[in-house]
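Inside the fold
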Amino acid sequence: MNNYSVFIPAYNAERTIGAAISSVLAQTVPCTEIVVVDDGSTDKTVEIVAACDGPIRLICQENQGPGPATNVGLKQAQYDVLTMLDADDLWLPHKIEFQLAALNAHTHPTIVACMMRQFHHEKPDDENGQVRQGIVRSGIIFRKKVFETVGPLVDPPGRVGEFVEWLGRARSMGIRIETLPEVLALRRIIPGSLTHKRPDLISKGFLSIAHQMMLNKRNGRIDDV
């Protein structure tokens, strides 16, 4: 069976959420469900999601941050295979096909990532953008047991970096992270995003995560992310 759940956290994503959902619906292995958690948007995000076709469930909550929104979405997912997409990123059509094949080849708990290519908002992807490892929300796939083992995401100061800490916990528990060599997703660079608006708090958040990971590694409990 190739059933899988897709989780999309969304906050004031009216400019990009439609394209993100369309990229999920264009997968060569059709998705079984899409869970969108609207984290207190004040724009037209909810209306746009509600107007989209497909197996979509929309959950609305007061603004709590990306960590709590992710936890809600993953807990609501109905299927064993879980994957996520930030509302401003895109998947290429063969992403899930390639990642499912890799995931199904493992008996050990594994997170399968891919390479991602950057592109600028309001400019089409010309396949010349910078390519990086996609060990981020939009680039990975894993089984529900991994989430149950690692536990919920926790937002640091600045509400950025919660996924770095979560991946660090995963590795400390012996969960493997495999990165496929193919570019299977696109990272949108967009002015006005969280990382542009709150640099001081964001730096504080990453520093707190880095400090904790350093302490854990010193005590022999964690690998580098």
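Heads up: the structure comes first, above all this text.
This text gives an overview of the structure that appears in the document.

Quick notes on the rules
- Residues numbered from 1 in each chain as written.
- Predicted model: local features only at pLDDT ≥ 70, side-chain atom pairs only at ≥ 80, totals over all residues.
- Heavy atoms only, no water.
- Helix = DSSP H or I, 4+ residues; strand = E, 2+ residues; numbered from the N terminus.
- Buried < 20%, exposed > 50% of the residue type's maximum accessible area, 1.4 Å probe, protein only.
- Areas by Shrake-Rupley, 256 points an atom, 1.4 Å probe, with all protein chains shown as cover.
- Core = buried A, V, L, I, M, F, W, Y, C linked by side-chain atoms within 4.5 Å.
- Contact = heavy atoms within 4.5 Å.
- Polar contact = N/O pair within 3.5 Å; in protein donor to acceptor, adjacent residues only side chain to side chain.
- Arc of directions from axis to C-beta.

Time to look at the overall build of the protein. Secondary structure summary: the protein contains eight helices and nine strands in total. Put simply, the protein has 225 residues, and 45% of those count as buried. Summing over all exposed atoms, the protein offers an accessible surface of approximately 11000 Å²; the carbon and sulfur share of this is 53%.

On to the nonpolar core, then. The biggest cluster of nonpolar side chains holds 29 residues, and the ones touching the most others in it are Tyr4, Val6, Ile8, Ile17 and Ile34. Elements with a minimum of two residues in this core: β1 (5-10), α1 (17-25), β2 (33-39), α4 (95-104), β6 (110-120) and β9 (176-189). Once residues within four sequence positions are removed from consideration, Ile17 is found in contact with Ile8, Ala10, Ile48, Val49 and Ala87. In this structure, Ala69, Ala113, Leu153 and Trp166 belong to the second largest nonpolar core, which totals 23 residues.

The subject of this paragraph is helix α6 (residues 162-172). Listed in full, the buried residues belonging to α6 are Glu162, Phe163, Trp166, Leu167, Gly168, Arg169 and Ala170. Positive backbone phi, approximately 85°, marks Gly174, located one or two places after α6.

This part takes up unusual backbone geometry. Of note, the phi angle at Asn12 is positive, near 50°, even though the residue is not glycine. Take Asn12: it is sitting in the loop between β1 and α1. When its relative accessible area of 28% is taken as the criterion, Asn12 is described as partly exposed. Phi is positive for Glu122, close to 70°, though the residue is something other than glycine. Residue placement: Glu122 occurs in the loop between β6 and β7 (131-133).

This part covers the side chain of His121. Inspection of the secondary structure assignment puts His121 in the loop between β6 and β7. A relative accessible area of 16% places His121 in the buried class. Within the structure, the side chain of His121 is placed 3.0 Å from the side chain of Arg188, a separation counted as a polar contact. Residues within four places of His121 in sequence aside, it is in contact with Arg15, Thr16, Arg188, Ile189 and Ile190.

For α4, the full list of buried residues reads Lys95, Ile96, Gln99, Leu100, Ala102 and Leu103. Seen along its axis, α4 keeps its buried residues to an arc of 165°; they face one direction. For α4, the elements touching its buried residues are β4 (81-84), β5 (90-91), β6, β8 (141-143) and β9.

Fair warning: the whole summary comes from geometry, so function is off the table for now.
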